[in-house]
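# A closer look at the structure
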Amino acid sequence: MVAIPRISASFPVEKLVEENKAAPFVKWAGGKRRLMSQYEQFFPRNFRAYHEPFLGGGAFFFHLQPRFAVLSDINHRLIESYQAIRDDLEGVLECLAYHRSHHSKDYFYKCRERMNQGDLLIKSDRAALMIYLNKTCFNGLYRENLKGDFNVPIGRYKAPRIFDRENLELVSAHLQGVELHVGSFEKVLDRVSPGDFVYFDPPYVPISATSSFTNYSKGGFTSQHQHQLADLFTKLAERGCFVMLSNSDCGFVRELYSKWRCEVVSASRCINSRATKRGPINELVIMSY
Ligand SMILES: C[S@@+](CC[C@H](N)C(=O)[O-])C[C@H]1O[C@@H](n2cnc3c(N)ncnc32)[C@H](O)[C@@H]1O
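Nothing here was measured: the structure is a model prediction, and the numbers come from that model.

What counts, and where the lines are drawn
- Residues numbered from 1 in each chain as written.
- Predicted model: local features only at pLDDT ≥ 70, side-chain atom pairs only at ≥ 80, totals over all residues.
- Heavy atoms only, no water.
- Helix = DSSP H or I, 4+ residues; strand = E, 2+ residues; numbered from the N terminus.
- Contact = heavy atoms within 4.5 Å.
- Near = heavy atom within 4 Å.
- Polar contact = N/O pair within 3.5 Å; in protein donor to acceptor, adjacent residues only side chain to side chain.
- Nonpolar A, V, L, I, M, F, W, Y, C, P; charged D, E, K, R; others polar.
- Pairing = 2+ DSSP bridges.
- Axes fitted to C-alpha atoms, helices over the stretch in contact; angles between N-to-C directions.
- Buried < 20%, exposed > 50% of the residue type's maximum accessible area, 1.4 Å probe, protein only.
- Salt bridge = Lys/Arg side-chain N within 4 Å of Asp/Glu carboxyl O.

### Quick word on the environment of His227
- Looking at the element boundaries, His227 is found in helix α9 (residues 223-238).
- In this structure the C-alpha to C-alpha distance between His227 and Val253, which are 26 residues apart in sequence, comes to 9.5 Å.
- Apart from residues no more than four positions distant in its own chain, His227 is found in contact with Phe252 and Leu256.

This is the structure in structure tokens:
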């Protein structure tokens, strides 16, 4: 559980949100940045610590800017990047500047191989490589093959924003004091206390063969994971947490969470490779409160 000083037992969201908001430093499949205005009405008014176990690009975290946060994701390269930005921003920026000055098609594929070999010893070097590849790969997609290798090809960008000191400084500032863990979502149960706010944004239940993306990591995310997550949702609610979850608007999800409050928001499918197929689509927001 997160140790929080007594004085911080309750935090009005309004007081936590400040002017200088950081933006996610990676483009991420399923990123929630564009949906914040629709989600804002559903945030609990007061909560203790904030937990986000499917962190991805962290759009919710950067929007809320909670004072106490525990963030995690199964993707070790992603979480290491957050840790390096928190702990060694200058090291990350130095490497990113190097990548920016060497960017080319050949350089991209050499870097991709380098990342998959996993022989870089310094965390900030690995983080910069991850950020460089994310900014220059096709659609900013992170996908692994069965061996766990990142396998996305180079994207078609004229001037990718590889080096963004201003935003990374804000990101680093917001991450000070934040707990970051690599691991599966179930671990959140060991860390929460009553009054905490837990937001789940899992890989969505596929609603058609082509429209959904769940291969964030080599194991994928199955319907069994969706059932485990629904059970965890109930356990956390029973413990007195504010629990919020996003998922596809489909019968399976509605059935899984039938006893909870359920609202609909309108999103767009950014991960479809064909721009014409990225139309608006509904998704569900489930809440325990
Ligand atoms: C829909 S994305 C989250 C997007 C995020 N809300 C954003 O704004 O960018 C789902 C995330 O779940 C992570 N993930 C997949 N399986 C997981 C698991 N078993 N436990 C924890 N995280 C997992 C993926 O690595 C991915 O980052």
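### Regarding the site of the ligand
- Around the ligand there are 23 residues in total, and Trp28, Lys32, Gly57, Asp73 and Asp201 lie nearest to it.
- At 2.7 Å, a side-chain N or O of Trp28 approaches an oxygen atom of the ligand.
- Gly57 places a main-chain nitrogen or oxygen 2.8 Å from an oxygen atom of the ligand.
- Residue composition of the shell around the ligand, grouped by class: 12 nonpolar, seven polar and four charged.

### Some thoughts on the sheet that holds strand β8 (residues 261-268)
- Strand order in the open sheet formed by seven strands is β5-β4-β3-β6-β7-β9-β8, with mixed pairing between adjacent strands. Since the sheet does not close on itself, it has two edges, and those belong to β5 (179-182) and β8, each with one partner. Strand-to-strand twist across the sheet, computed as the mean angle between neighbouring axes with direction ignored, equals 15°.
- Strands β4 (69-73) and β5 of the sheet are contacted by helix α4 (residues 76-87), whose axis makes an angle of about 155° with β5.
- Across the sheet, α9 is in contact with β6 (197-200), β7 (242-248) and β9 (280-287); its angle to β7 comes to roughly 160°.

### A word on unusual backbone geometry
- Within the chain, Gln65 stands out as a residue other than glycine whose phi angle is a positive 50°.
- What makes Gln65 buried here is its relative accessible area of 8%.
- A positive phi angle is found at Asn139, which is not glycine, with a value near 60°.
- With respect to the element layout, Asn139 can be found in the loop between α7 (123-136) and α8 (165-175).
- Its relative accessible area of 13% is what places Asn139 among the buried residues.

### Notes on the pairing of β9
- The sheet contact formed by β7 and β9 spans five bridges and is antiparallel. Pairing of Ser248 across the sheet is with Glu283, part of β9.
- Pairing analysis gives eight bridges linking β8 to β9, with the strands arranged antiparallel. Bridge pairing links Glu263 to Val285 in β9.

### Things to note about the pattern of salt bridges
- Applying the stated criterion across every chain, the model contains 13 salt bridges.
- Put simply, Asp196 and Arg48 hold a salt bridge, and the shortest N to O gap is 3.0 Å. With Asp196 in the loop between β5 and β6 and Arg48 in the loop between β2 (46-47) and β3 (50-52), the pair connects residues that are 148 residues apart, well separated along the chain.
- For Asp196, a relative accessible area of 0% corresponds to the buried category.
- The shortest N-O distance in the salt bridge between Glu263 and Arg261 comes to 3.1 Å.
- Given a relative accessible area of 28%, Glu263 falls into the partly exposed group.

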